[in-house]
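A look at the structure
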Amino acid sequence: MAVNNTVIGKVLPICTLTVDRGRLQFFAKAIGETNPIYTDIEAAKAAGHPDIPAPPTFLFSVELENPNPFAFLTSLGVDLGRVLHGEQAFTYHTVAYHGDDLVAQPRIADVYTKKNGLLDFVVKDTAITRIDSTPIADLRSVIVIRNDGVPV
């Protein structure tokens, strides 16, 4: 089923997350990050940080705090079994640290089709700010949906 492009500009529910030191350390370990500033508070402070900084790709996980982070796709009629992760990009404004209260405001930025309708693409932009509206980063994810029954 093709995704209707009338959803372009649709604002999705916000998500919030208080950044926790243990979570940052766990995330760094999970991605194989070996720089001690991401796991050791003393190393972070020695490097000029006030606390353990969030590893660069950590911000992707903020939206996963939503009880159903993929509800926006099912609301578009997308079968989650046909979804592929296409692309992820980050534009950073400042660093997030342990103790920061973050707000993620996602919106659908674009919808387009390729391969004669075989693939739909949904582009989602998410602004991550601190609770006081200080910009942290802008995220972009591209989700690919494989469609059935489309002649190639």
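Residues numbered from 1 in each chain as written. Predicted model: local features only at pLDDT ≥ 70, side-chain atom pairs only at ≥ 80, totals over all residues. Heavy atoms only, no water.

The next point concerns the UniProt feature "domain: FAS1-like dehydratase" (unreviewed entry) in the protein. Mapped onto this numbering, the UniProt entry gives "domain: FAS1-like dehydratase" (unreviewed entry) at residues 9-138. Between the C-alpha atoms that bound residues 9-138 the distance is 16 Å, and the span itself is 16% helix and 34% strand. (UniProt positions renumbered as here; feature names shortened; annotations may be inferred. Helix = DSSP H or I, 4+ residues; strand = E, 2+ residues; numbered from the N terminus.)

Quick look at the pattern of salt bridges now. Under the defined criterion, the tally for this structure stands at six salt bridges. In this structure, the salt-bridge partner of R130 is D100, at a minimum N-O distance of 3.1 Å. Here R130 is found in strand β4 (residues 119-130), whereas its partner D100 is found in the loop between β2 (83-92) and β3 (101-114), with 30 residues between them in sequence. Per residue, the accessibility class of R130 equals that of D100, and both read buried. Of the charged contacts, one joins R140 and D125 as a salt bridge, the two residues approaching to 2.6 Å between their closest N and O atoms. On the criterion of sequence distance, the pair formed by R140 in strand β5 (residues 135-146) and D125 in strand β4 is long-range, its members being 15 residues apart. By relative accessible area, R140 is classed as partly exposed at 35%. A relative accessible area of 17% places D125 in the buried class. One connected set of salt bridges, linked through shared partners, spans R107, D125 and R140. (Salt bridge = Lys/Arg side-chain N within 4 Å of Asp/Glu carboxyl O. Buried < 20%, exposed > 50% of the residue type's maximum accessible area, 1.4 Å probe, protein only.)

Let us look at unusual backbone geometry. Not every positive phi belongs to a glycine, and N116 is a case in point at roughly 55°. By the secondary structure assignment, N116 is in the loop between β3 and β4. You can call N116 exposed: its relative accessible area is 64%. Of note, S133 is a non-glycine position whose phi angle comes to about 80°, a positive value. Inspection of the secondary structure puts S133 in the loop between β4 and β5.

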